[in-house]
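Residue-level listing of the chains:
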Amino acid sequence: MQNAAAAKALTRNGKMLCLPSTAGNPYQSLLYSKLPKGFDSEFAGPGGLDLLATGDFSVVHLHWDDRMFGRSDDTAANEADLDLALITLRRFKQDGGRIVWTIHNDAPHKARDLETFQRARQELSTLADAIHVHADHAADHMADIYGTPRSKLHVIPHPSYLGAYEPATRTLLRKLTRSDRRQFLFFGMFRGPKGVHAITDVAGKLSKRQVPYHLRMYGKAFSSQARMLRMLDANPNVDLRTDRIPDEDIPGIFGASHVFLAPYQSMFTSGSVMLALTFGLPIIGPNIRELRETTPEACHNLLYDPASPRGLIRSMLQFIEMSDADLRKLRKACFDFAKDRAPDKIGTQIARLLTQ
């Protein structure tokens, strides 16, 4: 039976179904940049497993499972969807297909049906042939919480964004922006766990003390944050943007900044942190394992005790007082980190995982 399944797999055309696909995020294109010629990919939305019934695929690569399982308030419907998906995946595997699963987060950004989400993870831990995580902490999470066999877990870092928004050589050769004030940047969704309220509070205190600094707060905000947005908008040292940032503006925004603020209350994998490092920006954030494993060691002195109520402001003041010479050393460490995780290097490892 196994030989028959293997033989059938060999007759397939080396085609991958990838889902859910991302819109406006180059992550997947970077990840798949080194797939061999003749290994085609098809991208689909959260319900795209139906394509396995009609398409000739040899691999299915699952991403953001929280967008697929337990994603509505209707528990019965969620359970039915999961059961159907598992039947589809088991049939695909029995026919010789390979299932690869990338873990992006430890829990849904907005938990609606956590029980179904967790059951899906438990089932996929057994069903998947290979499970890709971006760092050691993620491997430990899957092994400890879901009993995932260590033999299935493959640690391959999140690719840097070198070459995604401009030529890599232009990014790596960009000089430190000259300014009479240190340039801070927050970029991403204004979710509460990302510490946006803490940034607002500290920015107000620094401005009240007349400390010289400039802060760009760029990202999608929410209607419930109206008061916080008014405070940011009234701060003379803050440049607030809540409109969609065009891709072509990203190099200029990151290139004009000196450091990235990531005072996250919780974190698993952060594309924003990797994007900042790609443009040479060290990270200010809590001294937690998730950040230590995904930032260069040379920059860890900017990480603060997450239990300290003054941790963020102290690290910001420390950075404000830093010399340009010391900052250039940190920038080099960030660029070296980005080069070590360049898309071609990470893509080669992912290609090996998908096609073995």
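Our subject is the structure that appears above.
Residues numbered from 1 in each chain as written. Predicted model: local features only at pLDDT ≥ 70, side-chain atom pairs only at ≥ 80, totals over all residues. Heavy atoms only, no water.

Undergrad: I'd like a rundown of the pairing of strand E3 (residues 59–62), residues and numbers included.
TA: Across the two faces of E3 the burial is the same, with Val 59 and His 61 and Val 60 and Leu 62 all buried. Note: strand E1 (residues 15–19) against E3, four bridges, orientation parallel. Its bridge partner lying in E3, Leu 19 is registered against Leu 62. Note: E3 against strand E4 (residues 98–102), four bridges, orientation parallel. In the strand pairing of E4, His 61 is matched with Val 100. Read as a crossover between parallel neighbours, the route from E3 over helix H3 (residues 75–94) to E4 is right-handed. (Buried < 20%, exposed > 50% of the residue type's maximum accessible area, 1.4 Å probe, protein only. Helix = DSSP H or I, 4+ residues; strand = E, 2+ residues; numbered from the N terminus. Pairing = 2+ DSSP bridges. Right-handed = clockwise from strand over helix to strand, strands pointing away.)

Undergrad: Describe the sheet that holds E3, listing the residues and the values that go with them.
TA: Judged by pairing direction, the sheet is parallel, and its six strands sit side by side in the order E2-E1-E3-E4-E5-E6 without closing on themselves. Here the strands that pair on one side only, and so sit at the sheet edges, are strand E2 (40–43) and strand E6 (153–155). Here the strands of the sheet are splayed against their neighbours by 25° on average, with no regard to which way each runs. Where helix H4 (residues 114–127) meets the sheet, its contacts fall on E3, E4 and strand E5 (130–133), and the angle it forms with E4 comes to roughly 130°. Sheet strands in contact with helix H14 (residues 343–355) are E1, E3, E4, E5 and E6, and its direction is about 145° off that of E4. (Axes fitted to C-alpha atoms, helices over the stretch in contact; angles between N-to-C directions. Contact = heavy atoms within 4.5 Å.)

These figures capture arrangement, not role.
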